[in-house]
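A look at the structure
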Amino acid sequence: MRLKHIEFVRLEPERALVVLVGEDGQVENRVLALPPGVPPRADRSTNFLNARIRGRTLAESASGTRNRIEQSRAELDQLTQKVIAAGLASCPR
């Protein structure tokens, strides 16, 4: 199913209902276990996901999200190394 929209509805602190809407109008509901520490309101993550899933399958969306996370981590690592190097260069010896 090519996705059009995804929505999360918190059922309990550790469970949520995920509503997947396909481009063809098909609706699929899934109940997911949530990891500890997920904030009660997921509006921002829903908006983030909806901006990236339209026209993709769930597998394509998951793969694309994993790739973006890996890219972001690599960018963060590079920036951290630059900050550390700049800090060491400015320290008196």
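Structure first, text after, so check above.
Residues numbered from 1 in each chain as written. Predicted model: local features only at pLDDT ≥ 70, side-chain atom pairs only at ≥ 80, totals over all residues. Heavy atoms only, no water.

**Brief notes about the nonpolar core**
One recurring pattern in soluble globular proteins is that nonpolar side chains are buried together. One finds L3, I6, V18, L20 and I53 forming the largest nonpolar core, which totals five residues. Only β1 (3–12) and β2 (15–22) provide two or more residues apiece to this core. For I6, the contacting residues outside a window of four places in its chain are V18, V19, L20, T46, L49, N50 and I53. (Core = buried A, V, L, I, M, F, W, Y, C linked by side-chain atoms within 4.5 Å. Buried < 20%, exposed > 50% of the residue type's maximum accessible area, 1.4 Å probe, protein only. Helix = DSSP H or I, 4+ residues; strand = E, 2+ residues; numbered from the N terminus. Contact = heavy atoms within 4.5 Å.)

**A short note on the environment of V31**
Within the element layout of this structure, V31 appears in strand β3 (residues 27–33). Assessed through its relative accessible area of 48%, V31 is described here as partly exposed. A sequence separation of 14 residues divides V31 from L17, and the C-alpha atoms of the two residues are 4.5 Å apart.

**Overview of the pairing of β3**
Taken together, the seven bridges between β2 and β3 define a ladder with antiparallel strand orientation. Note that in β3 the partner of A16 across the bridge is L32. Linking β2 to β3, which pair antiparallel, is a turn of four residues; within it G25 sits at a positive phi near 90°. (Pairing = 2+ DSSP bridges.)

All quantities given are derived from atomic positions and should not be read as evidence of function.
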